[in-house]
Amino acid sequence: MHRPFRAGLVAAGLLTTLSGCSPEPEAAAPVEAEGYGQTQQGERAYDPGAGWSLSWQDDFTGSALNTGAWNVLTSNWDPVTNNCNFGTGELEFPRAQNVAVANGKLIISAERTADNPTDSRCPGQYRSFYSGRIHTKGKVEGRYGKIVASIKVPPGYGMWPAFWTLGSNIQSAGWPAAGEIDILEWKSTEPTWMKSALHWYNNGNADWGTGASRGVDLSQDFHTYEVEWTANTIVFRLDKDFVSTATFNHNESEFQQNHYLILNLALGGVWYGNPAPASIDLAWGAKKTMEVEWVRWYQPGGSQSLGLTNPGFEQGMTGWNTWSPNGTATAAFSETYNGGHSGSFHLTHWTSAAAYEAWTYQTKSGLASGNYKLRAWFRKGGTFDFARFQVKNCGDCAPAITNLGTYGNYTLVETPAISVTNGYLEFGLHSKSPAHNGSNFIHMDDVELIKL
């Protein structure tokens, strides 16, 4: 139900205002919750169930936010979605001072202000509250799996805490074509309900809503909020055993690509019917907090490392380097629009005239010791001297190689497993082509790093 303005192609600067909310579930009889609230959720172990491996987590230890994983928004202008006030009429101005880590928790706080803050790009749209908003764009991105967090939402009219995702290609595809998964949204008028929703593009804005009720006011304790996301289904759960009112069966491209995570505490806005700031239940000089004990991302079987930079090439060549032994690389590769496995862009190695050799790669450090492999989607045609999808654990080491075949359609390819003992991997596409072969091309998209 968080809906950024539909941005279209950022290069064209197209902005369209959206409003309204997705369908919500019909109210069901509340489920009796015997004894709940005596033990906080974070004090109990969370078991994802058989067949799941932890891929990434943040337990919010220490005294500062892990900026290797999270970005902090410091304005009511969102530079990712290119809009003011997030397309939902919210009343808050996000800033870093309202995001803290203490006592093993992320704390996002909201408070009234008479400063009337607004970004210069949002003239006249003065905000009545300070709050916090963080996201993992470009740092923690992934596709599918089980995404779960232990959260305590703040009570009171106008509080709109949320735990959600956006498609990583949001800057090129715009909203809703990038896709949105709302794992948790809560409002005071239905305090026992976790509301969940999906947004995508189908000849216009398409929405689907569901939810689950615990039978108790969710603002009184920590609860776990999760989505289980596969290539075909999406199901939401509250405290693991309270399943959403419906399962979403899908094949939309918006939910077949990488997404990134968002945590925020909004106030007012369209979900509450655009109330006046004075009606929000937050006294002058007081604070209300959204508290998060941990966030976890699980994958079935092997563990996917979710920290790759720009794995779908939706941000140009950000995060990627290209080396060539003879200076031909500039004519050999491009980040190309249209025809991606997901999103709009992909990497291309190709030649229309000159011979070349190019190695387009990314490095990853700080990895836990263990065995890893790379996955990516490829299309390929023509004849190359060699075309290799490869990974190596030091700059001068021999790589683990998969020689690419000819693929008329996008095909998932894996490298052999490689051992990591020093925390480092270097991986990507290495190809060499003779001159005067205009049919030679390789397309690579949606790169994933898997820990076995």
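Just so it is clear, the structure is predicted and the values come from calculations on it, not from any experiment.

*Asks:* Before we go on, may I ask you to explain the confidence of the model for the protein chain in this structure?
*Replies:* If pLDDT is low for a region, its predicted coordinates should not be looked at in detail. Per-residue confidence for the protein chain averages 85 on the pLDDT scale, and 87% of its residues sit at or above 70. The low-confidence segment residues 1-44 (pLDDT under 50) makes 135 contacts with residues lying over four places distant or belonging to another chain.

*Asks:* Can you help me understand the side chain of Arg 133 in this one?
*Replies:* Position of Arg 133 among the secondary structure elements: in strand β9 (residues 133-135). When near neighbours in sequence (up to four residues on either side) are disregarded, Arg 133 contacts Asn 71, Val 72, Leu 73, Asp 78, Phe 86, Glu 90, Pro 94, Val 99, Trp 164, Leu 263 and Asn 264.

*Asks:* Can you help me understand the nonpolar core in this one?
*Replies:* Soluble globular proteins: nonpolar side chains tend toward being buried together. Membership of the largest hydrophobic core comes to 51 residues, with the highest contact counts inside it found for Leu 106, Ile 151, Leu 263 and Val 295. Counting residues in each nonpolar core, the second largest holds 28 residues, with Leu 308, Tyr 356, Phe 378 and Ala 387 among its members.

*Asks:* Even after reading the chapter, I still don't get the sheet that holds strand β32 (residues 425-433), so can you show me in this structure?
*Replies:* The strands making up a sheet associate through backbone hydrogen bonding, with each pair oriented either parallel or antiparallel. Pairing is antiparallel across the open sheet formed by five strands, whose spatial order is β23-β26-β32-β28-β29. At either end of the open sheet lies a strand with only one pairing partner, and these are β23 (321-323) and β29 (400-403). Strand-to-strand, the axes of this sheet are offset by a mean angle of 20°, without reference to chain direction. In this structure, strand β28 (residues 386-392) lies alongside β32, joined through seven bridges in antiparallel fashion. When the sheet's bridge partners are listed, Arg 388 is paired in β32 with His 430.

*Asks:* Honestly, the packing of aromatic side chains in this entry has me stumped. Any pointers?
*Replies:* Given two aromatic rings, one states the distance between the centres and the angle between the planes to describe the pair. By the definition in use, this model includes 14 aromatic pairs. When the ring of Tyr 144 is compared with that of Trp 229, the centres are 5.7 Å apart and the planes differ by 85°; the resulting orientation is edge-to-face. Of this pair, Tyr 144 sits in the loop between β10 (141-142) and β11 (145-152) while Trp 229 is found in strand β16 (residues 223-229), placing the two residues 85 residues apart along the sequence. Of the two residues, Tyr 144 and Trp 229, both sit in the buried class. Consider the rings of Phe 378 and Phe 389, whose centres lie 5.1 Å apart with planes at 65°: the pair is edge-to-face. Placement of Phe 378 in strand β27 (residues 370-381) and of Phe 389 in strand β28 is noted, with a sequence separation of eleven residues between them. Through a chain of ring-to-ring contacts, the aromatic side chains of Trp 200, Trp 208, Phe 248 and Phe 255 assemble into a single cluster. The ring of Trp 284 has Arg 112 sitting right over it, with the charged end atom 6.0 Å from the ring centre.

*Asks:* Whenever I open this one, the state of the cysteines confuses me. Can you help?
*Replies:* The bond known as a disulfide is covalent and runs between the sulfur atoms of two cysteines. What the rule picks out here adds up to two disulfides. Through a disulfide, Cys 394 is tied to Cys 397; the S-S separation comes to 1.7 Å. Its torsion about the S-S bond being 105°, the disulfide of Cys 394 and Cys 397 is classed as right-handed. Should the bonded cysteines of the protein chain be numbered as they appear in the sequence, the pairing reads 1-2, 3-4.

*Asks:* Which parts of the structure should I look at to understand the environment of Val 101?
*Replies:* Within the secondary structure layout, Val 101 lies in strand β6 (residues 99-102). For the pair Val 101 and Ser 63, spaced 38 residues apart in sequence, the C-alpha to C-alpha distance is 5.3 Å. The residues contacting Val 101, other than those within four sequence positions of it, are Phe 60, Thr 61, Gly 62, Ser 63, Ala 64, Leu 65 and Leu 106.

*Asks:* When you look at unusual backbone geometry in this model, what are you seeing that I'm missing?
*Replies:* A negative phi angle characterises most non-glycine residues, just as the trans form characterises most peptide bonds. The step from Trp 175 to Pro 176 runs through a cis peptide bond, and the omega angle for that step is 10°. You can see Pro 176 is positioned in the loop between α1 (170-173) and β13 (180-185). Despite not being glycine, Phe 313 shows a phi value in the positive range, around 60°.

*Asks:* In this structure, what is going on with the pattern of salt bridges? I would like to understand it.
*Replies:* If you walk through the whole model with that rule in mind, you get 16 salt bridges. Residue Lys 146 pairs with Glu 228 through a salt bridge whose shortest N-O separation is 3.6 Å. Taken together, the positions of Lys 146 in strand β11 and Glu 228 in strand β16 put the pair 82 residues apart, joining distant regions of the chain. We classify Glu 228 as buried; its relative accessible area is 19%. Because the salt bridges share partners, they merge into one network encompassing Lys 146, Glu 226, Glu 228 and Arg 237.

*Asks:* I would appreciate a short explanation of the side chain of Asn 98 in the present structure.
*Replies:* Residue placement: Asn 98 occurs in the loop between β5 (92-94) and β6. On the accessibility criterion, Asn 98 (1% relative accessible area) is buried. Of note is the side chain of Asn 98, whose polar atom sits 2.6 Å from the side chain of Arg 95. Among all residues touching Asn 98, those that are not within four sequence positions of it are Ile 107, Ile 108, Ser 109, Ala 110, Glu 111, Tyr 130, Ser 131 and Gly 132.

*Asks:* Just to check I follow, could you spell out empty space enclosed by the protein for this structure?
*Replies:* Gaps left between atoms are located by rolling a probe of water-molecule size over the structure's atoms. Following the criterion strictly, the structure yields two cavities of 30 Å³ or more and no others. Quantified by volume, the largest cavity comes out at close to 80 Å³. In terms of lining residues, the largest cavity is bounded by 14 residues, among which Ser 168, Asn 169, Asn 258, Gly 312 and Glu 314 are the most central. Looking at the lining of the largest cavity residue by residue, the class counts come to two nonpolar, nine polar and three charged. Summarising the domain contributions, the lining of the largest cavity has at least three residues from each of domain 1 (52-300) and domain 2 (321-451). Here the second largest cavity is characterised by a volume of approximately 30 Å³. As for the second largest cavity, its lining consists of Asp 78, Val 80, Arg 133, His 135, Tyr 260 and Ile 262. Counting only elements with at least two residues in the lining of the second largest cavity, the list comes to β9 and β20 (259-267). Of the residues assigned to the lining of the second largest cavity, the class counts are three nonpolar, one polar and two charged.

*Asks:* Looking at this structure, how should I read the pairing of β32?
*Replies:* On a regular strand, each side chain points to the face opposite its neighbour's, so the side chains alternate between the two faces of the sheet. When you tally the buried positions in β32, you get eight out of nine residues, the bulk of the element. Sheet analysis places strand β26 (residues 356-364) next to β32, joined by nine bridges and oriented antiparallel. Looking across to β32, one finds that Tyr 356 is bridged to Ser 433.

About the criteria used
- Residues numbered from 1 in each chain as written.
- Predicted model: local features only at pLDDT ≥ 70, side-chain atom pairs only at ≥ 80, totals over all residues.
- Heavy atoms only, no water.
- pLDDT = per-residue confidence, 0-100.
- Contact = heavy atoms within 4.5 Å.
- Helix = DSSP H or I, 4+ residues; strand = E, 2+ residues; numbered from the N terminus.
- Core = buried A, V, L, I, M, F, W, Y, C linked by side-chain atoms within 4.5 Å.
- Buried < 20%, exposed > 50% of the residue type's maximum accessible area, 1.4 Å probe, protein only.
- Pairing = 2+ DSSP bridges.
- Axes fitted to C-alpha atoms, helices over the stretch in contact; angles between N-to-C directions.
- Phe/Tyr/Trp six-rings, centres within 6.5 Å; stacked < 30°, edge-to-face > 60°.
- Lys NZ or Arg CZ within 6 Å of the ring centre and 35° of its normal.
- Disulfide = S-S within 2.5 Å.
- Salt bridge = Lys/Arg side-chain N within 4 Å of Asp/Glu carboxyl O.
- Polar contact = N/O pair within 3.5 Å; in protein donor to acceptor, adjacent residues only side chain to side chain.
- 1 Å grid on protein atoms, 1.4 Å probe; cavity = no way out; pocket = protein on both sides within 12 Å on 5 of 7 lines; lining within 4 Å.
- Points joined across faces, edges and corners; volume = space filled by probe spheres on them.
- Nonpolar A, V, L, I, M, F, W, Y, C, P; charged D, E, K, R; others polar.
- Domains from an automatic or database assignment.

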